[in-house]
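# Examination of the molecular architecture
Listed below are the residues making up each chain.
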Amino acid sequence: MAITLLFAVSALTFGAMNVLGDPLFNILGPIARDTGNPKSVKLIEKAKNDYNLDKPLPVRYGLWVSGFVRGDMGVQFSTDGQPPVTELLKERIPRTVTLLILGQLIAVLVSIPWALISASRADKFVDRLSTATTFMLVALPGFALAIILKYVFAIRLGWFPLTYRALDPLRTRLFQMLLPGFVIGLPAAAIYQRLLRTDLITTLQEDFILMARSKGVSKPRILFKHALRPSMFSFITVVGLTTGALIGGSIVVETVFRIPGIGSTLVEAVLRHDFPVVLAIVMIVATAFVLINLLIDVVYTIIDPRVHR
Amino acid sequence: MSELQTEMRQEHQPLLEVTDLRTHFRTERGLVRAVDGVSLTLERGKCLGIVGESGSGKTVLSRSLMGLLPSSNTVTSGSVKFEGKEILGLPSKQMRRLWGREMSMVFQNPMTSLNPLMKIGQQIAEPLNLHLDMSRADARATAERLLRDVRIPEAARRLDQYPHELSGGMRQRAMIAIALACGPTLLFADEPTTALDVTVQAQILQLIGEQRRDRNMSVVLVTHDLGVVAGHTDEIAVMYGGKLVEKAPTSVLFAHMKMPYTMSLMRSIPKLEDPSHTRLATIPGRPPDLVHPPKGCRFAPRCAYARDKCITEEPPLRQAEDPNHSYACWYPVGSPEFNQREAELNSGAVPVTLEAR
Amino acid sequence: MAGSGTAHLRDGDIVMRVENLVMEFPVGRTGLKVHAVSGISFDVVRGETLGLVGESGCGKSTTGKAMMQIPRPTSGSIKLDGLELTTLGNEELRSARTKMQMIFQDPISSLNPRRIVRDSVREPLDVWGRGSKAEREALVDRVLESVGIDPQRAAESRPHQFSGGQCQRISIARALVLDPTLIICDEPVSALDVSVQAQVINLLEDLKKQYGLTLIFIAHDLAVVKNISDRVAVMYLGKMCEISPSDDLYARPAHPYTRVLIDSIPVPDPSAVLADATTIGEPGSPVTPPSGCRFHPRCQFADDICKSAEPILQDIGNGHFVACHHPLEVPVSIQSR
Amino acid sequence: SSDSDTEPVGTTGASTDDTTTVTEVAATPVDGGTLRYGLEADVDGLNPTTSALSAPGYVMGYAVFDTLARVAEDGSIVPYLAESFTPSADFKSWTVKLRPGIKFHDGADLNADAVVKAFLLQQGAALVGLAVRPFYPETDAAVKIDDLTVQFNQLDANRYWPSALTSQLGMMPSPLWLDAAAADPTLNQKPVGTGPFMFDSRTADNVTRFVKNPSYWNGTVHLDAVEFYPVPDSADLLDLFNNDGLDALHTTDQTAIKDLKDNGTVTNLLDDTAEESFQMINSQNPPFDDVRVRQALAYATPKAKILELIGLGVSRPADQMFTPEDPYYNSAVKQDADQPEKALPLVAAYCAEKGTVINPVLNQPTCTNGKVNMEYQFTGPSVVGLRTTEIFEEGWKVAFNITRDEVNQQDHIQQNALGQSNVLGWRQFGAIDPWADSVWLLCRTVGAISLNWPRYCDPARDTILLDAQNTDDPAKRVEGYKALAQNMHDAYTYIFINHTLWTNSFNANVRGTCDIKTPEGVALKCTNAGTSFLNTTWMDQ
Amino acid sequence: MSTETPTTTEVATPAPGDAATKKTLGIGFWICIGWLLVMVFIAVFATRLPIPDPKFNFIEPGQAGPSKGPSAAHWFGTDKDARDVFARTVYGSRVSLTVGFIAIAFGMFVGGTLGILAGFFRGWIDRIFSFMFLVLLSFPSLVLAIMLTALLDRKLFTISMILGVLAVAPVGRLARATTMQYADREFVIAARSLGAKNKRIIIRELLPNVAIPMSALALLGMAVAIVAEGGLAFLGLSVERSITWGGMIQLGSDSSKTLQNQPWIAFFPIGVLFLTVFALNFAGDRVRTYFDVKEISL
Ligand SMILES: Nc1ncnc2c1ncn2[C@@H]1O[C@H](COP(=O)(O)OP(=O)(O)OP(=O)(O)O)[C@@H](O)[C@H]1O
Ligand SMILES: Nc1ncnc2c1ncn2[C@@H]1O[C@H](COP(=O)(O)OP(=O)(O)OP(=O)(O)O)[C@@H](O)[C@H]1O
Ligand SMILES: [Mg+2]
Ligand SMILES: [Mg+2]
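This structure is a prediction, so every number in the text was calculated from the model and none was measured. (Residues numbered from 1 in each chain as written. Chains lettered and ligands numbered in written order. Predicted model: local features only at pLDDT ≥ 70, side-chain atom pairs only at ≥ 80, totals over all residues. Heavy atoms only, no water.)

Let us look at the overall build of chain D. Looking only at helices and strands, chain D has 12 helices and 24 strands in total. In terms of overall size, chain D behaves like a compact globule, its C-alpha atoms giving a radius of gyration of 23 Å where 541 residues would be expected to give roughly 24 Å. If you line up chain D on its principal axes, its C-alpha atoms span 70 × 55 × 50 Å. The buried share among the 541 residues of chain D stands at 64%. Taking as baseline every contact in chain D between residues at least 6 positions apart, the subset at least 24 positions apart corresponds to 70%. When the accessible area of chain D is evaluated, it comes to approximately 18100 Å², of which 53% is carbon and sulfur surface. (Helix = DSSP H or I, 4+ residues; strand = E, 2+ residues; numbered from the N terminus. Rg over C-alpha atoms; globule rule 2.2 N^0.38 Å. Buried < 20%, exposed > 50% of the residue type's maximum accessible area, 1.4 Å probe, protein only. Contact = heavy atoms within 4.5 Å. Areas by Shrake-Rupley, 256 points an atom, 1.4 Å probe, with all protein chains shown as cover.)

Here it is as structure tokens:
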């Protein structure tokens, strides 16, 4: 299933990029049209050969897939010797992954206690306030939040740096990613909070919670030991699903905060019609998505004994 | 606390004494008078059955007694004395000391009342750890013994199983084991068998009865099934529309029921010994709206024996011949007015069945 | 018990005849199967009420739905008025289905929550385009009246504005408008309070007379089934144990399982003697049903033959059939308990 | 533009003292430190033989590569890697003699072979070669005479040829590296030259790091390393610069320049002679093959508005490719603009005459509803690009129906090289010596792939250009280029807007940037076409 | 016993379910709807409103810079090109609302149809459609949107359709899940048993039930589409030649300097965008709780 899915995703992307763009022109530029000049013709031949452009589409796709599986994602469309796609992404992915992990970490660490507080005081003032807050966070588009946080914390207060610098020491770089992490994490935290809060409230109305109370279990213990775990299922699913959406969010964040990750690379590659890069990124994102969903299934089996069979 | 308790146990005082208990809920529709002035007492070691139609307030009553209702929209008044001590309105911090240890509860649906993600053993051990400060190993041993007590086969193995790995009947037994873990003096069982098959129901009811005798525990058995209370209780309280309308020792009640409601309920049950196609008696209409209850007797609008007085004046709880038997009716079964109406009904002067539209 | 066999099938004016019905469902992707119904046979004579009892999960509802071909059975034959349904094409089946209707346990979810109740009742007529508009309305009014629902109120309300009992009446009305021969009632009263339950049972009895219906009445409550049925079939784990005229079944249950069921019924009489329930055990799983007689693990009379051989339904007189290697001989007096 | 002025006399009246504050003579250079240099954009490749270097590319390129010649402080061209250059009698050939003993970072010798190789590669390169090929014969353009001597042969006589050796063509890459890069193009990003710094590491779009060349041939390099950071948001760039995140920056952003000029502690190397911004018209296709339409567009151009809104009054308006200080400046030439009323009759006349001809770029008739249909191409996504477009459009719309074509930078260049557009915004000109700008203007650079973007060919203009580069009479030269300015104006293929202003700015602790001299002791100009050099730069502490 | 007997003892109590009908959508909901109506109004009548020309450059010669803060003449101030931010915000609502509406209408129609068919027929239809949804969901939506806009063109309709395609999978999944939830209900079995054809069952029995959660999703989905359009515009990839909120925000935040010195350029459109998205979310959420639909996630 997962494999079929990846095939479908890659075939679609591959098809779209090949049918809707002229790869040869993307690679060579005007030289591709300069067929009268023997020098250009030589280059055209070479490019066709390098990128298998003279082969029919399915064959090219097959070659690309076999390359991808072996970790060779092709060469960027540029005569100026950009590094191979694999190399490029090797350098960029860790940044995006760090950013996403940071964002998710913030989201999860913020949302769980927040949801517990809200749910245990459902419909009281604190809860209403927090519901209003989540609504606002959810209604704020990522780029708007990025701008607001940048304006307040980087520009006005100057607590955070404006940009990311690849050569700074790791700790500094993590610090530089903190604000972008919040941009990614806060709206996600709001979504998680709402979900977890609803589920917690539902769980807290379950008979087994009443049962636990009637055993004389204290309120915090009920929240943590009895209510939290059974309420985590949609939370976990959504954390997984959101990871995909967050990659989308990271495009904006990476652009605003100048982080050379795969999000910003993707936008640039799409605009350049550099389809080896686009394909590779889309595939990696889709693969990550599929893997995360598999991982969620594993997590399910860990927290829910009922899935064992 | 224990000092106080031992002292009180010496006196011959009822375990539970409820006076004019009212539990109302504030809702968007208005105040729901789910329990509206209930008084009763329960002796040590006895089993009290509470019966009534759906929505009559049985569950709310039992939860009010235990103090387990959500606090946000609940208004309670009256008095609930447990072992002579007022427990109504105690903060849950203090109630927690009673829960599980002095009083515990078995719920209707064994499917939903056990934590699906906790092993059975842990769930039983939890109150043991909390209340009796037992060590892990002791708690586990005790849990195993408890499972054996409630007749779960292969008790040791079950400790490490999750609820979904048990059948419905076993789950309900496990729940009883949890409720019994700290040796409570009072057990509430709210429709403990409604979700189960008849054969399993019989087993569970029998089990509760045995445990009650073995532990000299009091039981409040809530059910809508007169058949269940008939066989397993010492005393029965009939609820209607949030009120207690009749209360008597089991045998007295079935022999001399006073409330036309109780009687109609009884008559509408199909009996095995009757030949098939025996016409069933019915109660027309439906239970009262607890936000706007009828002014007089709450059953009056559905009662074939009701008269003007019933509609305008609320009957008080009165004592019958038997000192332990009380009922709330102006014209109880056996009264001249009742008999007169009964005769009219049988002669066809008045339609017997008032079908609801 | 786990009985098979067709000895009990009758000749005559048979409305519904089910033979060797088998229904299996796959369990997820495990390759295992739920043996929901494993070869049962029964028939219903015109004007008769057949009761179907058994514990939860024994396949009662599955049998009921199989008669409607929802879904189509794994194997077996189902004949409605002599017409074989299992091999009918979709279009023919569609019209055949109108002759039998079903009433379900959950009165609320039987009605479309978003539709005006009256429209739900008129729906069958619209589907088949029966009569003129005015005729349809008149018929709907009449049927609603006969189940005790005010047509006026039905014209303006949705299901949630009615009580459970009323919804059940509306479902019955909807089943009646097409003037079916057979109505299959799947636990129509289990979700109702006793007082309402009595109302619905009485109503069904009245309508049966009024409309000349044949009923199949599914329930798990023996007392209810006995009250309404002419003939009762007892099922256990997808098999038929015993089938008999209803009074006879209670007078002399021949199958140990029937006996257990009867003994377990709580009787509203404090003086009744309670049978010991500790030995009854719990129902098995339809995924891995026991060999031989499916009841043998719970049966106090079981011996080796019960484990290996499946009993066949046999006549024990009076149209009373039982599928047991060791049927109970002694008639039980219910009073004696 | 002229080659002699580092200082624009801005309309803002900027102080001309900016460059002179650079060095406090007394200070002794300190070794060590890493200079962090902010750029407006990153570069694609740093191979002078294959990559078209942009302004940031030059800044980075000059750290690794030295050029054969350099511009001296007085504006004359002096040998740098070369020891001397000597013309032939007809000024068609020039002999370049190299300094002995210079080595590339990879140990290869700088010799005639290396020079010839670099030149021939560049001449043959598909795109970069476009700018070279029009001036040299196909074979034997560069010939090795001896180990340290190379002879360059041209098609036309040119007395001012050595200026060609001060930019990309003069940059000397290692022959070993060129071979390696031909096999593995990724090496184009890791340049090897003779320059003061050696490539160390690179994260595209974030940082490229060079380290000190310990055995630099022209004096000691003081800095340990230099790191180039592309920061496209000029405000962020400035902010980093002001808050100690950067030591130097290179920008053309008007607001930032204003700020930098007001900041007393900063050294600014300002230069607006290197490029002019203009709207460029492809004259090959209808309707712009008709001068009336081009003229109408010029009249309708809201130049003042652009200068106000986009230029913010910082950079100077341009009327031609020369700045007023330039000796070749023709004060009679004024750019037509801001007179939309004059556009209307021109367009009306055109449309009446040729309104149904097809504009091949749009594949539409040239006129609709009495207005000329045109395509305007600009690069995106870019905020400034969009703003500029909107403002131009607001002006042009009186007489033109505009179809926007927003494309990415790469497609933009490519489509224009192929002539697939009507009108677009561009920056160009301002070569060290004006003869070099003829590559954009000669008839011979019109082709399938064209460097003469307007694809406008005027033999009279060719004559002016070729004559001007082959005279040693300054007056004749001045006259020639003044005539050129008039010729360009009359052709209406360029609508000049302003002289692009660049700055290289250094924080106070950065010193010595303008101390570069040739081994002979000739002081060199410390900014060249908007870029700077770092071999003598050092930092306090 | 006869059922015809008229009775006087009819109990005058409302059925328990009546409580549900007493639920209200609340004042907040109506405020949100009010705001949305205002937005629709200004979007429709933008050209006739007494507001400045959104493209006119209000240059005042001799002033320090073209951009001015809010004033009586320019309520939201003017942007870097001296254009009226208020007027531009008003005009910006046109693209946002149009894209939001078309996108979700397309998503609803296609996703809803596919989802209902998948949920109703199950089997291979379900497998094919579900797989399609999964494929669509495997692309982060912004990634897919950017890819498609780069390959296609940037006309209003194209952008709307692209975002509509993005809505197909979430809508389809919801429709499928809701359909499945109802398809097994007894009332559907009943309809089938009385001879209703599939088409009739889908339209009469399922659609009304599926429509409710879908309507809540429509509001939320419109919010998502508007945000997505804003994101594209912010990256400079949305509808060309149009005033868009995302584009205005991009203009006001293209440099930290602008943000610092002329915050009004970015923050007014952010505010209006936020309020609109908030209103859609809030209203959608109210509809959802009102009809007691489970949490929907897009
Ligand atoms: N938390 C609550 N808020 C508002 N109303 C409530 C609440 N809990 C119960 N009620 C109402 O109180 C009435 C009595 O409910 P209760 O659950 O006690 O009935 P019951 O006799 O146990 O019925 P059943 O047999 O259906 O369990 C009902 O009308 C119910 O709707
Ligand atoms: N669609 C289905 N897919 C898989 N298993 C099914 C399906 N329908 C029924 N079953 C299984 O078949 C068995 C018989 O179910 P059925 O609903 O017929 O029992 P029942 O006798 O009606 O029980 P109850 O009294 O609980 O209604 C059960 O184990 C049930 O889980
Ligand atoms: Mg209850
Ligand atoms: Mg069933």
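So, on to empty space enclosed by the protein. Tallied over the full model, the rule gives 15 cavities of 30 Å³ or more. A volume near 320 Å³ is recorded for the largest cavity. D:Leu386, D:Glu390, E:Ser242, E:Thr244 and E:Gly247 are the residues nearest the centre of the largest cavity, which is lined by 27 residues in total. At the level of elements, helix H9 (383-396) and strand S18 (400-407) of chain D together with helix H9 (245-253) of chain E are the ones that each hand at least two residues to the lining of the largest cavity. Among the residues making up the lining of the largest cavity, the classes are represented as 10 nonpolar, 7 polar and 10 charged. (1 Å grid on protein atoms, 1.4 Å probe; cavity = no way out; pocket = protein on both sides within 12 Å on 5 of 7 lines; lining within 4 Å. Points joined across faces, edges and corners; volume = space filled by probe spheres on them. Nonpolar A, V, L, I, M, F, W, Y, C, P; charged D, E, K, R; others polar.)

Residues and elements named next belong to chain B. Around ligand 1, a shell composed of 15 residues is seen, among which Ser54, Gly55, Lys58, Thr59 and Val60 lie nearest. Note that an oxygen atom of ligand 1 is positioned 2.5 Å from one of the side-chain N or O atoms of Thr59. Of all the secondary-structure elements, those providing two or more residues to the shell around ligand 1 are strand S1 (16-27), strand S2 (30-42) and helix H2 (58-66). Of the residues forming the shell around ligand 1, the biggest block, 3 residues, is contributed by H2. Here the shell around ligand 1 is composed, by residue class, of 5 nonpolar, 7 polar and 3 charged. (Near = heavy atom within 4 Å. Polar contact = N/O pair within 3.5 Å; in protein donor to acceptor, adjacent residues only side chain to side chain.)

Chain C puts 52 residues into the contact, and the matching count from chain B is 51 residues. Considering only the side of chain C, the residues that lose the most area to chain B are C:Asn227, C:Pro268 and C:Glu282, jointly responsible for 15% of the buried surface there. Linking chain C to chain B there are 1 salt bridge. For C:Asp206, the salt bridge is made with B:Arg279, and the minimal N-O distance between the two is 2.8 Å. Our count for the contact surface shared by chain C and chain B stands at 18 residue pairs in polar contact (both at pLDDT 80 or more). When residues of the side of chain C that touches chain B are assigned to their parent elements, the largest contribution, 9 residues, is made by helix H7 (residues 194-211) of chain C. Tallied by class, residues from the side of chain C that touches chain B come to 22 nonpolar, 15 polar and 15 charged. (Buried area = accessible area lost by both parts, 1.4 Å probe. Salt bridge = Lys/Arg side-chain N within 4 Å of Asp/Glu carboxyl O.)

With that settled, the discussion passes to the arrangement of the chains. Between chains B and C lies the most contact-rich interface of the 7 pairs of chains that touch. A gap remains between chain B and chain D, with no contact made and the closest C-alpha atoms lying 49 Å from each other. Left apart from each other, chain C and chain D have a closest C-alpha approach of 49 Å.

The pairing of strands in a sheet happens through backbone hydrogen bonds and is either parallel or antiparallel. Residues and elements named next belong to chain D. Pairing within the open sheet is antiparallel, and its 4 strands lie in the order S4-S5-S7-S6. A strand with exactly one partner marks an edge of an open sheet, and here the two such strands are strand S4 (82-87) and strand S6 (142-146). With strand direction ignored, the average angle separating the axes of adjacent strands in the sheet is 25 degrees. The pairing of strand S5 (residues 93-98) with strand S7 (residues 149-153) spans 5 bridges and is antiparallel. Each bridged residue has a counterpart across the sheet, and for Ser93 the counterpart in S7 is Asn153. Each of S5, S6 and S7 is contacted by helix H2 (residues 112-124), which is oriented at about 175 degrees to S6, the strand it contacts most. (Pairing = 2+ DSSP bridges. Axes fitted to C-alpha atoms, helices over the stretch in contact; angles between N-to-C directions.)

With that out of the way, let us pick up the sheet that holds strand S12 (residues 326-327) of chain B. All names here are of chain B. Spatially, 8 strands are ordered S6-S7-S8-S3-S9-S10-S12-S11 in an open sheet, and the strand pairing comes out mixed. For this open sheet the edge positions go to strand S6 (103-106) and strand S11 (318-319), each flanked by a neighbour on one side alone. Direction of pairing for strand S10 (residues 243-249) relative to S12: antiparallel, over a ladder of 2 bridges. Within S12, the residue paired with Lys247 across the bridge is Ser326. Packed onto the sheet, helix H8 (residues 168-180) meets S6 and strand S7 (186-190) and runs at close to 170 degrees relative to S6.

When pLDDT is averaged across chain C, the result is 87; 97% of the residues are at 70 or more. In the model, residues 333-337 of chain C has pLDDT below 50 throughout and makes 8 contacts with residues more than four positions away in sequence or in other chains. (pLDDT = per-residue confidence, 0-100.)

A separate point is the state of the cysteines. Enumeration over the complete set of coordinates arrives at 3 disulfides over all chains. What pairs with D:Cys443 in a disulfide is D:Cys457, and their sulfur atoms sit 2.0 Å apart. With the S-S bond torsion at 95 degrees, the cross-link from D:Cys443 to D:Cys457 turns out right-handed. With a gap of 14 residues between them, D:Cys443 in the loop between strand S19 (423-428) and helix H11 (459-468) and D:Cys457 in the loop between S19 and H11 connect regions that are remote in the sequence. Across a sulfur-sulfur distance of 1.8 Å, D:Cys514 and D:Cys526 are joined as a disulfide pair. Taking the sign of the S-S torsion, about 65 degrees here, the bridge from D:Cys514 to D:Cys526 comes out right-handed. Pair noted here: D:Cys514 is in the loop between strand S21 (510-511) and strand S22 (527-528) and D:Cys526 is in the loop between S21 and S22, with a separation of 12 residues, a long-range link. Each member of the pair, D:Cys514 as well as D:Cys526, is classed as buried. Unpaired in this structure, B:Cys297 has its nearest cysteine sulfur neighbour in B:Cys310, at a distance of 6.0 Å. With a relative accessible area of 12%, B:Cys297 lands in the buried category. (Disulfide = S-S within 2.5 Å.)

Another aspect to go through is the pattern of salt bridges. All names here are of chain C. Tallied over the full model, the rule gives 86 salt bridges over all chains. For Asp126, the salt bridge goes to Arg122, with nearest N and O atoms at 3.3 Å. Of this pair, Asp126 and Arg122 both sit in helix H3 (residues 117-128), 4 residues apart, which is roughly one turn of that helix. Like Arg122, Asp126 is buried.

This paragraph deals with the pairing of S2(B). Relative to S2(B), S1(B) is paired through 10 bridges, and the arrangement is antiparallel. Considered in S2(B), the bridge of B:Arg22 is made with B:Asp36.

Across the 10 residues that make up helix H1 (residues 55-64) of chain D, a large majority, 10, are buried. What H1(D) keeps buried is the set D:Ala55, D:Pro56, D:Gly57, D:Tyr58, D:Val59, D:Met60, D:Gly61, D:Tyr62, D:Ala63 and D:Val64.

The next point concerns the packing of aromatic side chains. Here the structure, examined in full by the defined rule, presents 59 aromatic pairs over all chains. Grouping aromatic residues by their ring pairs yields a cluster made of D:Phe91, D:Trp94, D:Phe119, D:Tyr136, D:Phe152 and D:Trp161. Seen from the ring of C:Phe162, C:Arg153 lies directly overhead, with NZ or CZ sitting 4.3 Å from the centre. The ring of D:Tyr80 has D:Arg70 lying over it, and the distance from NZ or CZ to the ring centre is 4.9 Å. (Phe/Tyr/Trp six-rings, centres within 6.5 Å; stacked < 30°, edge-to-face > 60°. Lys NZ or Arg CZ within 6 Å of the ring centre and 35° of its normal.)

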